[in-house]
Amino acid sequence: MSKHSRTATPYSADVHQWAMEQSSHLRAGQLDMLDLENLAEEIESLGRSEKREIESRLTVAIAHLLKWQFQPEKRKGGWQATIKLPRNRLGKLLRENPSLKKYPQEVLADAWLESRLKAAEETSIDFEAFPENCPFTIEQILDDGFLPQ
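What you see is a predicted model, and the numbers here were worked out from it, not measured in a lab.

**Q** Requested: an account of the overall build of the chain, with residues and values cited.
**A** Across its full length, the chain carries six helices and zero strands. For 149 residues, the compact-globule estimate of 2.2 N^0.38 gives 15 Å, and the C-alpha radius of gyration of the chain, at 21 Å, exceeds that figure by more than 25%. Each principal axis of the C-alpha distribution contributes one length, and for the chain these read about 65 × 25 × 25 Å. For the chain, with 149 residues in total, the buried portion stands at 37%.

This is the structure:
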């Protein structure tokens, strides 16, 4: 706990209660009551969480595109909606966090590897059957109108 903190609930005892107390102190302008070290850590954690969510949605979107491309015989109307969901969530995350607009490109290689693994597991198609490098651009992955043939 920070030397500046005099919070009633320690961070390690009850994070939710601690957070409620911290927000109350902030709103009341009681800055000397804040647990600065843990508060800073929680704020940083929010940013990391957004990045993890973006990479996760990107991975799911790519895996669905791969399954669409490699299993044309299993394409059904509802499958397009399944492809749209992670795309929509990814688009929303990027609109809400414009500073992370370039992040999907930064993690594309990692997301591609995970997508190949996921698609191989879910389809029983050999991992090696999928291209080594992602054949889709970020723009295509996010484009609701794009479906690989």
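**Q** Can you lay out the packing of helix H2 (residues 36–70) against helix H3 (residues 77–96) for me, pointing to particular residues and giving the numbers?
**A** For the pair H2 and H3, the least separation of the axes is 9 Å and the interaxial angle reads 155°. Considered as vectors, H2 and H3 are oriented roughly antiparallel to each other. The crossing of H2 and H3 is left-handed. Between H2, through Glu 50, Glu 53, Ile 54, Arg 57, Leu 58, Val 60, Ala 61, His 64, Leu 65, Lys 67 and Trp 68, and H3, the contact on the second element is made entirely by Trp 79, Gln 80, Thr 82, Ile 83, Pro 86, Arg 87, Arg 89, Leu 90, Leu 93 and Leu 94. Residues of the contact of H2 with H3, tallied by class, amount to twelve nonpolar, three polar and six charged.

**Q** I'd like a rundown of the packing of H2 against helix H5 (residues 108–123), residues and numbers included.
**A** Remark: H2 packs on H5, axes separated minimally by 8 Å, with the N-to-C direction vectors making an angle of 50°. Between H2 and H5, the angle falls in the class oblique. Seen along the crossing, H2 lies across H5 with a hand that is right-handed. Along the contact surface, H2 presents Glu 55, Leu 58, Thr 59, Val 60, Ile 62, Ala 63, Leu 66 and Lys 67, while H5 presents Leu 108, Asp 110, Ala 111, Trp 112, Glu 114, Ser 115, Arg 116, Lys 118, Ala 119, Glu 122 and Thr 123. Grouping the amino acids of the contact of H2 with H5 by side-chain chemistry returns nine nonpolar, three polar and seven charged.

**Q** Could you give an account of the pattern of salt bridges, naming the residues involved and the relevant values?
**A** If you walk through the whole model with that rule in mind, you get five salt bridges. Between Glu 41 and Arg 48 there is a salt bridge, and its shortest N-O distance comes to 3.0 Å. On the basis of relative accessible area, Arg 48 is assigned to the partly exposed category, the value being 37%. The partner of Glu 53 in a salt bridge is Arg 57, with the nearest N and O atoms 2.7 Å apart. Of this pair, Glu 53 and Arg 57 both sit in helix H2, four residues apart, roughly one helical turn. For Arg 57, a relative accessible area of 28% puts it in the partly exposed group. Here the salt bridges share partners, and the residues they tie into one network are Lys 67, Lys 118 and Glu 122.

About the cut-offs
- Residues numbered from 1 in each chain as written.
- Predicted model: local features only at pLDDT ≥ 70, side-chain atom pairs only at ≥ 80, totals over all residues.
- Heavy atoms only, no water.
- Helix = DSSP H or I, 4+ residues; strand = E, 2+ residues; numbered from the N terminus.
- Rg over C-alpha atoms; globule rule 2.2 N^0.38 Å.
- Buried < 20%, exposed > 50% of the residue type's maximum accessible area, 1.4 Å probe, protein only.
- Axes fitted to C-alpha atoms, helices over the stretch in contact; angles between N-to-C directions.
- Parallel < 35°, antiparallel > 145°, perpendicular 65-115°, else oblique.
- Left-handed = near helix turned anticlockwise from the far one by under 90°.
- Contact = heavy atoms within 4.5 Å.
- Nonpolar A, V, L, I, M, F, W, Y, C, P; charged D, E, K, R; others polar.
- Salt bridge = Lys/Arg side-chain N within 4 Å of Asp/Glu carboxyl O.

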